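# Coordinate analysis (summary)
Letter by letter, the chains look like this.
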Amino acid sequence: MLALAGISIAQKNNTKAEYFQQEVNYSIDVKLDDHLHTLSGFEQIQYINHSPHPITDIYFHLWPNAYRSRETALAKQLLENGETDMYFANPQMNYGYIDSLQFIVNKDTVRWEYDTTHMDIAIVHLKKVLNPGDTAFISTPFFVKLPSSYSRLGHVDQSYQITQWYPKPAVYDRDGWHPMPYLDQGEFYSEFGSFDVRISVPKNYVVAATGDLFDCPEEEKWLELRAKNTKALLEENRIDKLGNIRGEYDMEFPESEKQYKTLRYKQNNVHDFAWFADKRFYVLRGEYNLPKSGRNVTLWSFFTKDNSRYWAKSTQYLHDAVKYYSMWNGEYPYNVVSAVDGTISAGGGMEYPTVTVIGESNSDIGLETVIMHEVGHNWFYGILGSNERDHPWMDEGLNSFNEMRYIETKYPELSLLASFAPQLSSKNEFFDLKETKQRAQYYISYVMNARRNLDQPIEEKSENYTPTNYGGVVYSKTALAFAYLKAYLGDKTFDKCMHAYYEKWMFKHPSPDDMKEVFQETAKKDLSWFFDGVIKENQVIDYKFKRKKRVDRRSSKTYTWMKYEESLVVVNKGTADVPFCINGVKGDTLFNTVWYPGHKGKATINFPNGPYDYFKIDFDERIPEVDRKNNMMKEKGLFRRMEPLKFQFITSLENPKKSVIYWSPVIGMNAYDGFMAGFLLYNNLFPQRNFEWQLMPMYGFRSKKPIGYGNMEWHINTRKSDLLNSIDVGLNAASFQTERITINDFTRERGFIKIAPHVGFKLKKKKARSVNNHYINLRSVMVYEDTVDRCNGDCNGLLPQDFGGEFVLYNEVQYFYSNTNTLHPWNGKMMVQQNNDFLKLELSAAFKRFYNAKMNFVEARVFAGKFIYNNSTSSRYNFRSDGQHGRNDYTYDEVFPARNATQGMWMNQFVANQGALKIGTANGQSIDWLTALNLKASLPIPIIHLFADVALSKNPAMDAVFLYDAGISIPMFRGIAEVYFPLVWSSVIKDEYKANGYGYGNAIRFTFNLNNLNPFKQVKNIKG
């Protein structure tokens, strides 16, 4: 194993290694037991060594073993991605495996062993060396226990998805052996050859499989009859109230027939074989005549009743997918293409040669998009068999580009909203989505992470991506990148390149360098900036206009056809100096387009004169720029680099053609300002922009005062830093009333104004998938608190009095750590806080452990606080065993509707910080130090938690105070509120309650956190 790994490394260092390709031909017999959910099979393999190297061992993939335990690479990746079903499953009932293997090579029984790390990889040791040009005949029986459907292989009751199910030799190529464990995020790499497969199933099963149904005339007639009956039901409009077929096959599984049938499928020039079986399938059949060769392709779709309302047009979707992919890339080489309605859990769909399985859809366009995408994988994965584990963009990315092109070609006016939610498409204008085309989904998916400096390169191993980048980069950014390359080369040249790539590498294993070589030779251009830059490097593209001026060229013989030439200053704000285009636009009409080579920094660009209203960088939005809102320069007027201003109600997607201010009416209430009304203005919700702001002016009808809050945040680009992921500089401001007391004819009012600037540093992760997050925040909180007496009557001649206010400054250094492990996340915080009167240190950490599939948990929190010095006489700064009340929230970081309430419900609101005892008490206040332990556990009974707390506090010259409580709590409104019912507590607290005449109602307290509703992640300090 080590020797082979050494060969692999050596060959990878030799970039000019001679290409060769092994050949693997299969003959497989398999029988399904649909009561035990097992497969019994026998496999014969013809392995032909076309390499220049002698082979002594062959790696085999035994991928059903990926479902054998929670310790496999698949189980670990699923758990790491937040999917817990397999981890918490019953192993005996729900796990799967492959066994009963006995490898015979050239009639000799040979020794084989499992890989020491991965039980879904085996090494077969040959008795005789397989020399170049020789053939090995390998056979083995095998038995598969089918798992529940956690990934691509499995079953849901008697619906079967049989994929990656047989022993399969790993690929041996110019880079060496490629043994790889089965993964859910990260697909496959297998060797081309032929398949001859005989499948035995109970007679009433409908089977869809790779390749041509061979020598089974009765089955062909049965399928044709089933297709004819399905078509008749659709034509007769025999549908139920949900739009599904009302016919013979319900969603209940009919009893399996005792008699078995054996179906034979054959296919050449493929590297995988999959099949699907269900007794409930409706069937449709169609045909497509390939215009170039004249060959006929048979189109099959298999679906159940529940999805039949969308599958009625499925053969048309298959037809159009084969048509467009053949037109743009190269002609489809097989005789059949099928789509199957499946119950997989691997996403929207999953591709296999000539057949694809499709997940649940909720619209016609949704189903068409998935069918078309998965059929397209016959080109990018099937015919062009790149290594998907090492270069996932070569299949998923290129296929997503073709998907985007398909939708734009067939449905040029399709909006994003109509594609995702057709039932809301009439609301396009309301959401300002009328002009937002379907392709915007790719851009949004990419820039969501790119603007936060969380994206990854296009060229990366699949298992190294975060789940969001797997979609946002592998699929979306690659699609955008190739749309960019097509715009740069022109449609004709680009299509010529794709056809040349297809013709040279069909039924082979191309690498990124192979694709680059074909494109450069065909286009006769140096495309290193694209394949070595855009694809391999994690750079961002962002050109912007700086200014413009006109240059008189009338005296120049070069410009005899024009009076002036525009001189435009373009700044490259990104990290990639790649080609870009400038467009001259009149109204919405494109008058001129000129491409320019990339540059660093600032450059002056000459652009032909014309009757333009404005200039635009990348008018058609084909360049994957990280920011498109700096791409316009008007010919005349003020604010020439600013798009037309628009006020938009609530929200919409970012529109690069408009400067949008979003707005919404806002109402609220607190005990002191009374009913509050105003409006919220903001410039962004998502994706993140470099500068974001929110402003919420309001009016308090009881306090008769203007109130509200505002926030500004600058996100500074640190992409070139090895230490910092981002720097955030912000300013938060708020003003509300905090107390209103009536004494005789006077009403005393208190309020605050808060201004809090901060700068935060998010540290860069060593690996993108790391669960460790570090953030450092420096903050100053400036608070002005004032007190005013107002006269309600004659006040006995006394005048209202303004007692003035007090200005207090708090400085903080905060360090936050979080570990986002799926089963046992934890987080910690350290804060040093200082003002003129005190300096204190706080440390806290919370640990959680989920223990079953319902995500019930146990949690422990620890806290320690210490005053370094404390010269204050105010108790509001004290550490509290029972957490902070409104009056103790001196930095106004929490929402208290009745901040200083002394009676009623709101007096029992608190923040579960510091000691976090759930019962309120005057005991346990400390001007020296405090430690606490808080325990919580959820119960299988919904919405019931158990809690227990202990706190120990110490003041100078006093004995330590030990307090405890325990009880139950009820979380409400998804974390917005939680109500605590203490059942036991310290005798000291009991004595306190008795002395003050408190009843049990005073012991019931709650937390109330409106910040959980806040869509602006930066705004944590909305006060009231």
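## Thoughts on helix α11 (residues 467–489)
- If you check α11, its first and last C-alpha atoms are 32 Å apart, about what 23 residues at 1.5 Å a residue would give, namely 33 Å.
- At K477, α11 is bent by approximately 30°, the largest bend along its length.
- Burial within α11 is extensive, with 17 of its 23 residues counted as buried.
- Backbone geometry just after α11 places G490 at a positive phi near 95°.

## Here we look at the packing of helix α12 (residues 491–505) against helix α13 (residues 512–523)
- Look at α12 against α13: their axes get within 9 Å of each other, and the N-to-C directions meet at 130°. Between α12 and α13, the angle falls in the class oblique. Of the two elements, α12 crosses α13, and the hand of that crossing is right-handed. In this structure, α12 contributes T493, F494, K496, C497, M498, A500, Y501, K504 and W505 to the contact, and α13 contributes D514, M515, E517, V518, F519, T522 and A523.
- Its residues assigned to classes, the contact of α12 with α13 shows ten nonpolar, two polar and four charged.

## Quick notes on the confidence of the model for the protein chain
- Residues with a pLDDT of 70 or more make up 93% of the protein chain, whose mean pLDDT is 91.
- Predicted confidence for residues 1–14 stays below pLDDT 50, and this span has 17 contacts to residues more than four positions away or in other chains.
- Low confidence marks residues 1016–1024, where pLDDT is under 50. Its contacts with residues over four positions away, or in another chain, come to 46 contacts.

## Some details on a positive patch on the surface
- A cluster of basic side chains, namely K546, R547, K549, K602 and R641, defines a positive patch on the protein surface.
- Looking at the positive patch, the element that brings in the most residues is strand β25 (residues 543–552), giving three residues.
- In this structure R547 comes out as partly exposed when scored by relative accessible area, which is 44%.

## Topic: helix α15 (residues 987–996)
- Restricting attention to buried positions, one finds in α15 the residues I989, E992 and Y993. Along the axis of α15, the buried positions cluster into a sector of 95°, meaning they face one direction only. In α15, those exposed residues whose orientation departs by more than 90 degrees from the buried face are D991, K994 and A995.
- Each element contacted by the buried residues of α15 is listed here: β46 (961–972) and β47 (977–985).
- Phi for G997, located one or two positions after α15, is positive at around 70°.

## Considerations on the environment of E252
- One can find E252 in the loop between α4 (217–235) and β18 (260–270).
- Judged by its relative accessible area of 64%, E252 falls in the exposed class.
- Sequence spacing of E252 and R280 is 28 residues, and the spatial spacing of their C-alpha atoms is 7.9 Å.

## A look at the sheet that holds strand β24 (residues 355–358)
- The strand order across the open sheet formed by five strands is β20-β21-β22-β24-β23, and the pairing between neighbours is mixed. Each end of this open sheet is capped by a strand with a single partner; those strands are β20 (282–289) and β23 (349–352). Along the sheet, successive strands turn relative to each other by an average axial angle of 15°, direction set aside.
- Pairing geometry for β20 and strand β21 (residues 296–303), over eight bridges, is antiparallel. Residue V283 lies in a different strand from β21, and its bridge partner there is F302.
- In the packing of helix α6 (residues 314–328) onto the sheet, contacts are made with β20, β21 and β22 (336–341), and the angle to β20 comes to roughly 30°.

## Structural notes on the side chain of D173
- Take D173: it is sitting in strand β13 (residues 172–173).
- No salt bridge is formed by the buried D173, whose closest oppositely charged neighbour, R174, lies at an N-O distance of 6.0 Å.
- Polar contacts involving the side chain of D173 include one to the main-chain amide nitrogen of D175, which spans 2.8 Å.
- A polar atom in the side chain of D173 sits 2.8 Å from the side chain of H178.

## Topic: the packing of α6 against α12
- It is at 8 Å that the axes of α6 and α12 come closest, and there the two elements cross at 95°. Relative to α12, the element α6 is oriented roughly perpendicular. From α6, S326, M327 and W328 reach across to α12, where they touch D495, M498 and H499.
- The residue inventory of the contact of α6 with α12, partitioned by class, reads three nonpolar, two polar and one charged.

## Observations concerning the environment of D173
- Judged by relative accessible area, which is 7%, D173 ranks as buried.
- Along the primary structure D173 and Q22 are separated by 151 residues, whereas in three dimensions their C-alpha atoms are 7.3 Å apart.

## Comments concerning the sheet that holds strand β31 (residues 632–634)
- Here four strands make up an open sheet; going across it, the order is β28-β27-β30-β31 and the pairing antiparallel. With one partner strand each, in any of the chains shown, β28 (589–596) and β31 form the two edges of the open sheet. Going across the sheet, the axis of each strand differs from the next one's by a mean of 20°, ignoring polarity.
- Inspection of the sheet shows strand β30 (residues 614–617) paired to β31 by three bridges, in the antiparallel sense. Along β31, the bridge assignment pairs F615 with M633.

## Details of the nonpolar core
- Formed by 185 residues in total, the largest nonpolar core has its most connected members in Y47, W165, W275, F482, F519 and I582.
- A total of eleven residues in this core trace back to one element, the largest contributor, which is α11.
- Those residues in contact with I582, other than ones at most four positions away along the chain, are F545, L568, V570, N592, T593, V594, Y596, I605, F607, F615, K616 and I617.

Cut-offs applied
- Starting from 1, residues in each chain are numbered consecutively following that chain's sequence as written.
- Totals for whole chains, interfaces and linings use all residues, but because this is a predicted model, local features are given only for residues with pLDDT of at least 70 and pairs of side-chain atoms are given and counted only at 80 or more.
- For the side-chain quantities, the full set of heavy atoms in the structure was used; hydrogens and water were omitted.
- Here a helix means four or more residues in a row that DSSP labels H or I, a strand means two or more in a row labelled E, and each is numbered from the N terminus.
- Every helix has an expected span of 1.5 Å times one less than the residues it contains.
- Note on bend: the value at a residue is the angle between axes fitted to the seven residues ending there and to the seven starting there.
- Summary of the burial criterion: residues with accessible area below 20% of their type's maximum are buried, those above 50% are exposed, and those between are partly exposed, where the area comes from a 1.4 Å probe applied to protein chains only.
- Whenever a helix is involved, its axis is fitted only over the stretch in contact; in every case the axis is a line through C-alpha atoms, and angles between N-to-C directions fall within 0 to 180 degrees.
- By the definition adopted for this analysis, an angle is roughly parallel if under 35 degrees, roughly antiparallel if over 145, roughly perpendicular if from 65 to 115, and oblique otherwise.
- Note on convention: the crossing is left-handed when the near helix lies turned anticlockwise from the far helix by less than a right angle, right-handed when the turn is clockwise.
- It only takes one pair of heavy atoms within 4.5 Å for two residues to be counted as in contact.
- Polarity classes work like this: nonpolar for Ala, Val, Leu, Ile, Met, Phe, Trp, Tyr, Cys and Pro, charged for Asp, Glu, Lys and Arg, and polar for all others, with Gly in that last group.
- A residue's pLDDT is the predictor's confidence in that residue, given on a scale from 0 to 100.
- A patch consists of residues whose relative accessible area exceeds 30% and which take part in no salt bridge; residues with like charges are grouped when within 9 Å of each other, and nonpolar side chains (Val, Leu, Ile, Met, Phe, Trp, Tyr) when within 5 Å.
- Each accessible area is a Shrake-Rupley estimate made with a 1.4 Å probe; only the visible protein chains count as cover when residues are assessed.
- Salt bridge criterion: a side-chain nitrogen from Lys or Arg within 4 Å of a carboxyl oxygen from Asp or Glu.
- When charges are counted, Lys and Arg are positive and Asp and Glu negative, with His and the chain ends excluded.
- Lys charges are placed at NZ, Arg charges at CZ, Asp charges at CG and Glu charges at CD.
- Here, the arc refers to the directions that run from the helix axis to the C-beta atoms.
- Any two strands with at least two DSSP bridges between them are considered paired.
- The term polar contact refers here to a pair of N or O atoms within 3.5 Å; inside protein, the definition further demands a hydrogen-donor-capable atom paired with an acceptor-capable atom, and it admits residues adjacent in sequence only when both atoms are side-chain atoms.
- Side-chain atoms within 4.5 Å link the members of a nonpolar core, which is a set of buried Ala, Val, Leu, Ile, Met, Phe, Trp, Tyr and Cys residues.

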